[in-house]
Amino acid sequence: MQQATLTVQGMSCNHCVNSIESALNTLGVSGKVDLAAGSVSIQYEESQVTLDAIKEAIEEQGYDVV
Ligand SMILES: [Cu+2]
């Protein structure tokens, strides 16, 4: 199990949190958004999904992974 914390720009409300967390869930990634910090903590299996795919999923929702 890998853990990482991504800095994500553009998150401002609970809608953003839900969009990102459900996009991550679709990939089988457990993610937790910290709105105040502007970060997303993720846990994922490297054999199942790449960090690039996770970043892409967040960007597809309209946010920028820094
Ligand atoms: Cu929002």
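Keep in mind that what you see is a predicted model, and the values were worked out from it rather than measured.

(A) Summary view of the coordination of the copper ion. Binding of the copper ion to the protein goes through C13 (SG) and C16 (SG), at separations of 2.0 to 2.1 Å. Relative accessible area serves as the criterion here: at 33%, C13 is assigned to the partly exposed category. The exposure class of C16 is buried, given its relative accessible area of 5%.

(B) Region of the structure containing the environment of T7. Its place among the elements puts T7 in strand 1 (residues 2–9). Distance in space between the C-alpha atoms of T7 and I54 is 13 Å, their sequence separation being 47 residues. When neighbours within four sequence positions are excluded, T7 is seen to be in contact with G38, S39, D64, V65 and V66.

(C) A look at helix 1 (residues 14–26). With 13 residues, helix 1 extends 18 Å from end C-alpha to end C-alpha; this agrees with the ideal 18 Å at 1.5 Å per step. Listed as buried for helix 1 are C16, V17, S19, I20, A23 and L24. Viewed end-on, helix 1 has its buried residues packed into an arc of 165°, placing them on one side of the element. Facing away from the buried side of helix 1, by more than 90 degrees, are the exposed residues N14, H15, N25 and T26. Summarising the contacts, the buried residues of helix 1 are in contact with strand 1, strand 2 (30–34), strand 3 (39–44) and helix 2 (51–60). Of the residues trailing helix 1, G28 is marked for its positive phi of about 80°.

Reading the values: rules and limits
Counting from 1, residues in each chain are numbered in the order their sequence is written. Only residues with pLDDT of at least 70 get local features here, since the model is predicted, and only at 80 or more are side-chain atom pairs given and counted; chain-wide, interface and lining totals rely on the full set of residues. Values shown for side chains rest on all heavy atoms present in the structure; no hydrogens or waters enter the calculation. Note that water is not among the atoms considered, so a metal site may appear incomplete; the donors listed are N, O and S atoms within 2.8 Å of the metal, with 3.2 Å applied to Na, K and Ca. Here's how the labels work: a residue is buried when its accessible area is under 20% of the maximum for its type, exposed when over 50%, partly exposed in between, all with a 1.4 Å probe on protein chains only. Helix and strand definitions follow DSSP, with helices as H or I runs of at least four residues and strands as E runs of at least two, each counted in order from the N terminus. Residues are treated as being in contact if the distance between any of their heavy atoms lies within 4.5 Å. Between the first and last residue of a helix there are one fewer steps than residues, each counted as 1.5 Å, and that sum is the expected span. To be clear, the arc concerns the directions from the helix axis to the C-beta atoms.

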